[in-house]
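Below, each chain spelled out in residue letters.
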Amino acid sequence: MTSSKHARCAPGPHGVALWHSLRRMRRSALTEYERLREQFGDVVRLPILPHPVYLVSHPDAVQYVLRENARNYRKGLLFKPIAALQGQGLLTSEGELWTRQRRLVQPAFHRRQLAMFAEVMVDEARAVVQEWRQPMQTRTPVNVAERMNRLTFNVVGRVLLGADPGALAAYSGTLRAIALPLLQFINARATRLWAPPLWVPTPRNWRFRRAVAVYDALVQQIIAARRQARQHTGEQATDVLALLLAACDDTSGAGMSERQLRDEVITFIGAGAETSAHALSWTWYLLAHHPEIVRRVHTELDTVLSGRTPTQQDLPHLPYSRMVLAEALRLYPPSVVLPRQANAPDEISGYAIPQDAVVVISQYVTHRHPEFWSEPEQFQPERFTPEQEARRHRCAYIPFGEGPRRCIGEAFALLEMHLVLAIIAQAYTFQVMPEHPVIPEVAVTLRPRDGLWMTVHARQ
Ligand code: HEM
């Protein structure tokens, strides 16, 4: 739809109120988005230069932007800071390039492949159980968030990139060392109205460029090791990197450039590891505050598994654990905003949207929309019984996005999180430590700012 002559200008703050709102947003964007929705409604206009921003919260409007009229919305301006790192990878690319690349890697996420991934996921979860025996016995606190990051990074490295488990430990150390300058750069770009271009030698730009150089060297190492292995063994692997390498080494002329290969590998490391790690951390955090829900998880695990390690085939028989994960993804969605930019003038819920306007959908806000969620701040896995799910608007719950750009790794992530939850919950419970407060922070994804320090206890 284009904008009709009846379309109205969306309400929103102006002048001093706008200035205050932007200041609050820099401190806590999500709380401010929620406040603006409460004050002005489901479409809020922020008259910012160079393009006005529209905060869109109602599931009908979400469905319209991400699905029904998705062709009118590109990823646009707010994806630029991520593109400074990931280039033209699957998350940031558009048009024909995106279509070609998505088709290329899609087979790596086929159902058949997932069964193979499950074995590695189980292996990595069991390694955590093993590693936490000692801190449990000595009551030494562990940083659960850091360990979940390492777990999901290892899974992505092993199953998507075919990396050697031994090498991954060194890779993850390197990535941890450069994570901070990368995040600080992307955050500063995403939250400031103006930032000096990348070529200006500010300290932050300089730290960012140095971190990207380290990242590039690491990715080259992963790619080179894999190329060598392919040449020696003539492997027929079908993981993401194998598919990308085959396209890259295709000499027919239709192949992919080395730069594109690098962009895709960085995208999969970034999109595939951090998101699932945060989702798992928030799940452990919520469970630590809800012992009665933990008891129900234990009852289910004991009834179905009788103490043995779960496999992929067991998961349909563990519906309550799945509901716990779904509810954690509602309250703490790792991806908190889905920004877009309008290609042509449009109309959303009766409001005019000019060309090039920035449209921001926030999972965090829509997942708390009072018309669709009662007591939205409460952790209630029962919201995700099949009956409740069937009754709900499909776009009231969008942790993996919606429409053509919906997450390619959704089934992968759900499989991983379900197996990890089941395996670790069979062995341990956790207690938060009051001296280590847990503060949610948006740094591209929604993470516990200073980690998640907890004590580990043997299951009763
Ligand atoms: C809990 C875990 C995860 C969450 C919450 C999540 C969330 C999302 C969301 C919301 C999008 C859509 C972004 C947009 O429309 O602008 C997305 C896209 C994407 N995700 Fe995930 N993701 C998760 C796990 C994964 C995993 C495990 C992988 C890889 C194995 C992955 C790879 C990607 C890629 C490559 C895209 C871009 C897809 C495209 O545009 O074609 N994600 N993810």
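Note that the structure is predicted; figures quoted are calculated from it, not measured.

Draft legend 1. Inspection of the overall build of the protein chain at higher detail. A count of helical and extended segments in the protein chain gives 17 helices and 12 strands. What you see for the protein chain is a C-alpha radius of gyration of 22 Å, in line with the 23 Å of a compact globule of 460 residues. Based on the C-alpha atoms only, the size of the protein chain along its principal axes is roughly 65 × 60 × 45 Å. Evaluated residue by residue, the protein chain yields a buried proportion of 53% over its 460 residues.

Draft legend 2. Local environment of the environment of Val 65. By the element assignment, Val 65 lies in helix α3 (residues 59-68). A sequence separation of 330 residues divides Val 65 from Cys 395, and the C-alpha atoms of the two residues are 11 Å apart. Beyond its immediate sequence surroundings of up to four residues, Val 65 is in contact with Ala 70, Tyr 73, Arg 340, Ile 348, Val 359 and Ile 361.

Draft legend 3. Structural view of helix α2 (residues 29-40). Spanning 12 residues, α2 covers 16 Å between terminal C-alpha atoms, matching the ideal 16 Å at 1.5 Å per step. Those residues of α2 lying buried are Leu 30, Glu 32, Tyr 33, Glu 34, Leu 36 and Arg 37. Within two residues after α2, Gly 41 carries a phi angle of roughly 110°, on the positive side.

Draft legend 4. Broad picture of the sheet that holds strand β5 (residues 337-342). Strand order in the open sheet formed by five strands is β1-β2-β8-β5-β3, with mixed pairing between adjacent strands. Across the chains shown, the open sheet's two edge strands, defined by having one partner strand only, are β1 (43-46) and β3 (73-74). Sheet analysis places β5 next to strand β8 (residues 358-362), joined by five bridges and oriented antiparallel. Pairing of Arg 340 across the sheet is with Val 359, part of β8. Packed onto the sheet, α2 meets β1, β2 (53-56), β5 and β8 and runs at close to 115° relative to β1. Lying over the sheet, α3 contacts β2, β3, β5 and β8, oriented at roughly 125° with respect to β8.

Draft legend 5. Highlighting the coordination of the iron atom of the ligand. What the protein offers the iron atom of the ligand as a donor is a single atom, Cys 407 (SG), at 2.3 Å. The residue Cys 407 is located in the loop between α16 (386-391) and α17 (410-427) in this model.

Draft legend 6. Just helix α13 (residues 291-305), in detail. Relative to the 21 Å expected for 15 residues at 1.5 Å per residue, α13 spans 21 Å between its end C-alpha atoms, a close match to the ideal helical length. Among all positions in α13, only Ile 293, Val 294, Val 297, His 298, Glu 300, Leu 301 and Leu 305 are buried. Relative to the axis of α13, the buried residues are bounded by an arc of 165° and lie together on one face. Turned more than 90 degrees away from the buried face of α13, the exposed residues are Arg 295 and Thr 303. In this structure, the buried side of α13 is in contact with α12 (258-288), α14 (319-331), α17 and β9 (428-432). Following α13 by one or two positions, Ser 306 has its phi on the positive side, about 45°.

Draft legend 7. Expanded view of the site of the ligand. Taken together, 28 residues lie near the ligand, and Trp 98, Arg 102, Arg 340, Arg 405 and Cys 407 sit nearest. At a separation of 2.7 Å, an oxygen atom of the ligand approaches a polar side-chain atom of Arg 340. Looking at the shell around the ligand, the element that brings in the most residues is α12, giving five residues. Here the residues of the shell around the ligand are counted per class, giving 17 nonpolar, seven polar and four charged.

Parameters and conventions
Residues numbered from 1 in each chain as written. Predicted model: local features only at pLDDT ≥ 70, side-chain atom pairs only at ≥ 80, totals over all residues. Heavy atoms only, no water. Helix = DSSP H or I, 4+ residues; strand = E, 2+ residues; numbered from the N terminus. Rg over C-alpha atoms; globule rule 2.2 N^0.38 Å. Buried < 20%, exposed > 50% of the residue type's maximum accessible area, 1.4 Å probe, protein only. Contact = heavy atoms within 4.5 Å. Expected span 1.5 Å × (residues − 1). Pairing = 2+ DSSP bridges. Axes fitted to C-alpha atoms, helices over the stretch in contact; angles between N-to-C directions. Donors = N, O, S within 2.8 Å, 3.2 Å for Na, K, Ca; no water. Arc of directions from axis to C-beta. Near = heavy atom within 4 Å. Polar contact = N/O pair within 3.5 Å; in protein donor to acceptor, adjacent residues only side chain to side chain. Nonpolar A, V, L, I, M, F, W, Y, C, P; charged D, E, K, R; others polar.

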